[in-house]
Amino acid sequence: SHGYFTYDPGFLATGSCESSITFIDGGKGVLQHRGYPIDSLAKQADYLEVCYILLNGDAPTQSEYEQFKSIITTHTMVHEKLVHFFHGFLPDAHPMAMLCGVVGAMSSFYHSDLDITDAAQRKRSAHRLIAKMPTIAAMAYKYSVGQPFVYPRNELSYAENFLHMMFSVPAEEYVVSPIVANAMDRIFTLHADHEQNASTSTVRLAGSSGANPYACIAAGVASLWGPAHGGANEACLTMLEEIGSLEHVDEFVAKAKDKNDPFRLMGFGHRVYKNFDPRATVMRETCHEVLNELGISDPLLDVAMALEKVALEDPYFIEKKLYPNVDFYSGIILKAIGIPTSMFTVIFAMSRTVGWIAHWDEMLSQPGQKIGRPRQKYTGEINREFVPLNKR
Ligand code: SDX
């Protein structure tokens, strides 16, 4: 209907879908949520306003926004028994392992709204997940560093509360700077949704069987964990640290070009964008703002800028359409804020929860929804005679 393409009814049978949440034109580097361009949202709205838009379809009035913010704020605490789940993990457990396990367990705590055929109950589950993910994420970090859990505070904004729960300790309150809070909120927004990516498709497929929202989000967390997807921001920082300094950049660029070398530049390329990822454009501006405001000169940023220059000028990268993606700059900002690389994908998962649950809710609100059943092309043997073991 956009004039971009017409739907082939057959493709709907293969697990693909119709959605009105996010529109991407990979060739033109266009990303819009409910028709609103991503750079307008990132620069003129906060993350909770973007959550409202993704869940409800339109920008909220002031009173609708205040009401939504109040609902989220007053659901940020988790059941005190949920705390015990963390103590079952080994101290060196990856925070994504904790997130995956604890989110899946939420259905045994929040079971008053699990009738997925009831739109109001689906919305309440969505609000609970958006509210509690930062608390659970921060708890995973606190457990991994051996510090006591910090409870949320209602007077703080969504981003300020997350940073408070991450970095405050009983002996000292963490003072959130407006620059850092704004950068954090923008990272949440730029990771909020991205159409039918691997983890969102995972959530939809799980939801199509009637699984409860917490189980579906846990499935999305698991899918996002991979280095080709949400794990790329952690992998990107690890790669920058491995490159180490400017004189090694060419060596790694050559590896990326070598067809016999499985090495890929983390933070580059995209399944859909064959032009610059519009989120990366905003993230790059934010990255420079944060580093300039905080007075941080990070040698890894010098390496990152050298890699970006190669991607924008080297004929190989131009021909392969390999541009820096959203994960490339977010990792540098998170490092500048003092967040460990092991938490990068957790933050991506936290941010993407609203996108996952918006797609889950949209799918379940569509009439005649059937269980997802992607098709296959069978390439194995057929009609073979079976010889019993004692005769083989
Ligand atoms: C995210 O789907 C989404 O929307 C995901 C996401 C979201 O918001 O949900 O946008 C988030 O996952 C971003 C992507 C983060 N992943 C990484 O940064 C990991 C590094 N990137 C690659 O693994 C890769 O680019 C993918 C997985 C992202 C895309 O892989 P594709 O689809 O195989 O890439 P392609 O088909 O466009 O590749 C074209 C060519 C191939 O070479 P040929 O086989 O044609 O010779 O480019 C090569 C690829 O080998 N290539 C790379 C490369 N990415 C692709 N070569 C070196 N370095 C890379 N990063």
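Here's a quick rundown of the structure. Being a predicted model, the structure only gives us computed values, none of them experimental.

**Brief notes about the packing of helix α13 (residues 278–293) against helix α14 (residues 299–313)**
So, step 1. Relative to each other, α13 and α14 sit at 155°, their axes nearing to 13 Å. Relative to α14, α13 is oriented roughly antiparallel. α14 is crossed by α13, and the crossing has left-handed handedness. Seen from α13, the contacting residues are R284, C287, H288 and L291; seen from α14, they are L301, M305 and E308.
So, step 2. In terms of residue class, the contact of α13 with α14 is built from four nonpolar, one polar and two charged.

**What about the pairing of strand β1 (residues 22–25)?**
The side chains of a regular strand alternate, residue by residue, between the two faces of the sheet.
So, step 1. Burial of the side chains of β1 extends over both faces: T22 and I24 are buried on one face and F23 and D25 on the other.
So, step 2. In textbook terms, the turn of a hairpin is the stretch between consecutive antiparallel strands, and for β1 and strand β2 (residues 30–33) this stretch comprises four residues, one of which, G29, has a positive phi near 65°.

**Here's the deal with a nonpolar patch on the surface**
So, step 1. The grouping of I179, L294 and I296 at the surface amounts to a nonpolar patch, some 190 Å² of accessible area in total.
So, step 2. Mapping I296 onto the fold places it in the loop between α13 and α14.
So, step 3. Judged by its relative accessible area of 31%, I296 is partly exposed.

**Re the sheet that holds strand β3 (residues 36–37)**
So, step 1. Across the sheet, three strands lie side by side as β1-β2-β3; this open sheet has antiparallel pairing. One side of each edge strand has no neighbouring strand; the edge strands of this open sheet are β1 and β3.
So, step 2. When β1 meets β2, the two strands line up antiparallel, connected through four bridges. Residue pairing across strands places T22 opposite H33, the latter belonging to β2.

**Comments concerning the pattern of salt bridges**
Opposite charge on two side chains permits pairing when their charged atoms draw close.
So, step 1. Counted by the stated rule, this structure contains 15 salt bridges.
So, step 2. In this structure, R124 engages D113 in a salt bridge whose closest nitrogen and oxygen atoms are separated by 3.0 Å. Residue R124 is found in helix α6 (residues 119–145), and its partner D113 is found in the loop between α5 (95–105) and α6; the two are separated by eleven residues along the sequence.
So, step 3. R153 serves as the salt-bridge partner of E173, at 2.1 Å between the closest nitrogen and oxygen. Here R153 lies in the loop between α6 and α7 (158–167) and E173 lies in the loop between α7 and α8 (178–190), a separation of 20 residues in the sequence.
So, step 4. Assessed through its relative accessible area of 39%, E173 is described here as partly exposed.
So, step 5. Taking relative accessible area as the criterion, R153 reaches 29% and is therefore assigned partly exposed.
So, step 6. Salt bridges linked by common partners bring D113, R124 and R128 together as one network.

**Structural notes on the packing of helix α16 (residues 326–337) against helix α17 (residues 344–365)**
So, step 1. Their axes nearest at 11 Å, the elements α16 and α17 cross at an angle of 115°. As the angle between them shows, α16 and α17 are arranged roughly perpendicular. Here α16 and α17 pass one another in a crossing that is right-handed. Together, D327, G331, L334 and K335 of α16 and F344, I347 and F348 of α17 make up the contact between the two elements.
So, step 2. Across the contact of α16 with α17, the residue classes break down as four nonpolar, one polar and two charged.

Cut-offs used in this document
- Residue indices follow the written sequence of each chain, beginning from 1 at its first position.
- Local features in this predicted model are restricted to residues whose pLDDT is 70 or higher, and side-chain atom pairs enter the listing and the counts only when it is 80 or higher, whereas totals over whole chains, interfaces and linings include all residues.
- Only heavy atoms go into the side-chain values, all of them from the structure, while hydrogens and water stay out.
- Axis definition: a line fitted to C-alpha atoms, limited for helices to the stretch in contact. Angles are taken between N-to-C directions and run from 0 to 180 degrees.
- The helix and strand labels rest on DSSP assignments: H or I over at least four residues marks a helix, E over at least two residues marks a strand, and numbering proceeds from the N terminus.
- For classification purposes, an angle smaller than 35 degrees is called roughly parallel, one larger than 145 roughly antiparallel, one from 65 to 115 roughly perpendicular, and anything else oblique.
- It is the rotation of the near helix from the far one that decides the hand of a crossing: anticlockwise by less than a right angle makes it left-handed, clockwise makes it right-handed.
- Note on contacts: a residue pair qualifies if any of its non-hydrogen atoms lie within 4.5 Å across the two residues.
- Classes in brief: Ala, Val, Leu, Ile, Met, Phe, Trp, Tyr, Cys and Pro nonpolar; Asp, Glu, Lys and Arg charged; the others, Gly included, polar.
- Categorising residues by exposure relies on relative accessible area from a 1.4 Å probe, with only protein chains included: less than 20% of the type maximum marks a residue as buried, more than 50% marks it as exposed, and the intermediate range marks it as partly exposed.
- Any two strands with at least two DSSP-identified bridges between them are counted as paired.
- Within this analysis, patches are made of residues with over 30% relative accessible area and no salt bridge. Like charges are joined at 9 Å or less; nonpolar side chains (Val, Leu, Ile, Met, Phe, Trp, Tyr) at 5 Å or less.
- Per-residue and other accessible areas follow the Shrake-Rupley method at a 1.4 Å probe size, with only the shown protein chains counted as cover for residues.
- Put simply, a salt bridge is a Lys or Arg side-chain nitrogen that is within 4 Å of an Asp or Glu carboxyl oxygen.

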